[in-house]
Structures are given as structure tokens and as C-alpha cells.
Amino acid sequence: MSEYKDATNAIHAGVRQTQEQENSEAIFMTSSFAYASAEEAASKFSGVEDGNVYSRFTNPTVELFEKRLANLEKGEAAIATSSGMAALMTMAYSLLSAGDRVVCSLNVFGSTIKFFNTYTTKFGIDVVYVDATDYAAWEAEIDSNTKLCFFETPSNPLYDVVDVERVAALAHSKGALLCVDNVLATPALQNPLTQGADIVMQSATKFIDGQGRSLGGALVASQEIVDEFVGFMRSAGPCMSPFNAWVLVNGLETLSLRMKAHSANAMKLAEFLESHPKVKKVNYGGLPSHKYHELAKRQQKDFGGLLSFELDGGREAAWAVINAAKLVSITGNLGDTKTLVTHPATTTHGRLTDEQKAKAGITEGLIRVSVGLEDSDDIIADFGEALAILG
Ligand SMILES: *Cc1c(COP(=O)(O)O)cnc(C)c1O
């Protein structure tokens, strides 16, 4: 499929029509597969013969999602998982052993920090955090025990942009792997694997689904690395449901169109908020005033659908504006057709300590917006009216 362009691959990559000649992809909602003989069962189970064994680790609909995502992320192979966090767990437990070190950005998804701190350190894995855009800190912390470096770019919710090539070079100089969480940009806007990353992590729950219906995750990497993940999946089982895989395959078909529309709406809202007297600061890579605008322009095809903005007046002001908005939904999810708002300090990042929040820049006056696909005039009017209650 690689001879086709991305928009074509998003619709055709990985398709395998069955003898029923369906044009829309079938859903293989089956736990297991039945064989013609005991001999065939034995050879499929042992891997002598390729084929479906059990949907914990082989399912045709899940495989279609994996092939299509690998194609769009420009990786050799992918493994689908039940959620984005299941992808992180699969990577950590497949690759890390006691005594290994992980160097992780501070500006990552709250549950990522919670997972590393609670569920990897207890197995003797050392996790240290750096400010993602402090390259001297990456260089200082990556040592010969470092097995994995991890960051998000752009980050959620502050839109810090990290130079993938630069951290990849630092990681590789000590023999470590680099994994990039590509949830906010999606493969439609950015391909970290072509910029030096070894692994891409996805939460398909977000823009890949695109309509807030189903959870899913994935890891994309070389065949050799993905084979390690498949071994873990077969034994541990954080697998994607075939039904979710089918929803997410359909999401991939329209992903690039939706990301263009999300980006255009987010840009208009960011410009409106930046010019609003009650808004202290807007974090969106598309704004020329943003600290990482130039790097985002170089590394990404567009700026995506997520922005955040800060108000004076802390939690009280932020909650008042969130409560006054009518059109938008108050929810911790992101990447939906609907515009979504959340107060990171008390929701997505609520499990972090005050010190961790301060380090990660999650202030009480910060509001995150996942800009949807409604008419931008209506989105802007809703925020305009909500901000007006601040007097
Ligand atoms: C949502 C999210 C995750 C976790 O994905 P789930 O599918 O919710 O488990 C990881 N990273 C980022 C940036 C996210 O937004």
C-alpha cells in the first residue's frame, strides 16, 4: 500500500475482503477460531502455520486496525490495546526490567505519571522526570541504564513542543529507546517515527475515534519491537475489542479531514481568546506568539484541536466560565466532534500532588478546550458569553 498517498491508505490499507465480498470491512466478533483438524490446531497454536488462534492476540478486525495505523504512522508494525494506558503498560512491562531507568517528560498525561510512579517503580525500575523542552536536563538524566525515554509533543494541556530529533539523538547515544505519545497530533499531523522516535504510543480513544464512542490504544514500532509487545499481549491480555477496532478503522478513514477542520476551528478560537481582555494567556502552537510556534510549524503539518487558556482569579474564575458555557460539554475526554472543556487541575491532573502540578504548569486558572467541529462562530460566541460573566 505504500505506493499510495496517506489519504488513500487511510481508506484502503490492510483491507482483506472475505468470501462474502463485503465492501465495508467486516467485524470478526469472535473469541476463538475453529480448525479442520487437530493437526491444524496444533500448527496454528505453535506458530508453525500463520493464522488466527484466539482474539486476545490474533483477530482479523484488530489486525486491520493495526495494519492501517502502522501504515499511517510510517512504522513497520503496530499492536492494538484496550486503551492508551494499556499501550503504556504493554510497552513498560515488555521492555523494562529491574534496574532499568526511564527518563520521562514532566508534561505528560496525568495517568502516565501515576502509572510510572506507582506501578513500575515497585518493580525496581527507576523513573526520573525532566522538563520536556530542557535538552540539557535530558542529556544529564539519560545514563547507560536508561532503557526508555518518553514524552508527548505537543503536550496536553500546555502545548509544549519537543524536538523529536534532538531527544532521539540523546537517547540513542546511550542505547535507550524513545517513545513519543502522538495522541494530540495524530498520524495525520505528525510522524515521530520518521523524526527518530523508535515507538509511537496512541490513545485511539481521542481523535482517531473522533466521536467519543470507544476506548483503544496502540503502539507502533519496528517489527522486532512489536514482536516483544505481542509476546506480552498473548500472556497478559490488555487487548482491543474487535468491535472497537472496527469503529477505530472507520475513524482512521476520515482522520486527516477531521484534523484539518479541528485545526482551523482551534486557530480561530485561539485568536479570539488571545484578543480577549479577560484572558491572561493562550497556549496554542498555531499562534505566532506561542513559544514553540516555529518548532511546531517545522515538525507538524498543522496545529491540531487542543488548546488551553489561563484566567486571573484561579479556580473560582475558571469554574465560573466553564459553568457559564452552554454549547460545550464539561468532560475530561478530548478529540470529539463536540467541543469539550475541562479544568485540568481538578480533573485530568487532579491526582498529581500540588508540587507536581506546579512543576507541570497546571495552574488553578487554566481551562483546556478540545475544539470540536461545530461552526466556529458558535464556538466563539459560547466562549464570549461565558467570559462575559467575569464582568
Ligand atoms: C487520553 C490520553 C492517554 C490515555 O489514553 P486512554 O485511551 O484514555 O487510556 C494518553 N496520553 C494522552 C496525551 C491522552 O490524551
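Residues numbered from 1 in each chain as written. Predicted model: local features only at pLDDT ≥ 70, side-chain atom pairs only at ≥ 80, totals over all residues. Heavy atoms only, no water.

Going by an unreviewed UniProt entry, the protein chain carries the name O-succinylhomoserine sulfhydrylase and comes from Marinomonas arenicola. Here the protein chain is described in UniProt, under the heading Subunit (unreviewed entry), as follows: "Homotetramer." Check the Cofactor (unreviewed entry) section of the UniProt entry for the protein chain; it says "pyridoxal 5'-phosphate". (UniProt positions renumbered as here; feature names shortened; annotations may be inferred.)

A.B. asks: Any chance you could break down a nonpolar patch on the surface for me, citing the residues and the numbers?
C.D. replies: Among the surface-exposed residues, Ile27, Met29 and Phe243 lie close enough to one another that they form a single nonpolar patch of about 290 Å² accessible area. By the secondary structure assignment, methionine 29 is in the loop between helix 1 (6-12) and helix 2 (38-45). (Patch = residues over 30% accessible without salt bridge, like charges linked within 9 Å, V, L, I, M, F, W, Y side chains within 5 Å. Areas by Shrake-Rupley, 256 points an atom, 1.4 Å probe, with all protein chains shown as cover. Salt bridge = Lys/Arg side-chain N within 4 Å of Asp/Glu carboxyl O. Helix = DSSP H or I, 4+ residues; strand = E, 2+ residues; numbered from the N terminus.)

A.B. asks: Let's hear about the environment of threonine 347: which residues, and what values?
C.D. replies: Note that threonine 347 resides in the loop between strand 11 (340-342) and helix 13 (354-360). Between the C-alpha atom of threonine 347 and that of tyrosine 54, which follows or precedes it by 293 residues, the distance is 37 Å.

A.B. asks: I'd like a rundown of the packing of aromatic side chains, residues and numbers included.
C.D. replies: Tallied over the full model, the rule gives eleven aromatic pairs. Consider the rings of phenylalanine 115 and phenylalanine 116, whose centres lie 5.9 Å apart with planes at 50°: the pair is tilted. Here the two residues phenylalanine 115 and phenylalanine 116 agree in accessibility, since each one is buried. Relative to tyrosine 284, the ring of tyrosine 159 has its centre 5.6 Å away and its plane inclined at 70°; by these criteria the two rings are edge-to-face. With tyrosine 159 in the loop between strand 4 (146-152) and helix 7 (164-173) and tyrosine 284 in the loop between strand 8 (279-283) and helix 11 (293-299), this residue pair connects regions lying 125 residues apart in the sequence. Taken as a pair, tyrosine 159 and tyrosine 284 share a single burial class, namely buried. Through a chain of ring-to-ring contacts, three or more aromatic side chains come together here, namely Tyr93, Phe115, Phe116, Tyr119, Phe123, Phe150 and Phe232. (Phe/Tyr/Trp six-rings, centres within 6.5 Å; stacked < 30°, edge-to-face > 60°. Buried < 20%, exposed > 50% of the residue type's maximum accessible area, 1.4 Å probe, protein only.)

A.B. asks: Requested: an account of the nonpolar core, with residues and values cited.
C.D. replies: The nonpolar side chains of a soluble globular protein tend to be buried, and buried together. Formed by 83 residues in total, the largest nonpolar core has its most connected members in Phe65, Trp138, Leu178, Tyr284, Leu307 and Phe309. It is helix 10 (residues 242-274) that contributes the most residues to this core, eleven residues altogether. Two domains each donate at least three residues to this core, and these are domain 1 (6-251) and domain 2 (255-388). Look past the residues within four positions of leucine 307 in its chain and what remains in contact with it is Pro157, Ala266, Leu269, Ala270, Leu273, Asn283, Tyr284, Ile367, Arg368, Val369 and Val371. Leu95, Val102, Phe116 and Leu352 belong to the second largest nonpolar core, which has 30 residues in total. (Core = buried A, V, L, I, M, F, W, Y, C linked by side-chain atoms within 4.5 Å. Domains from an automatic or database assignment. Contact = heavy atoms within 4.5 Å.)

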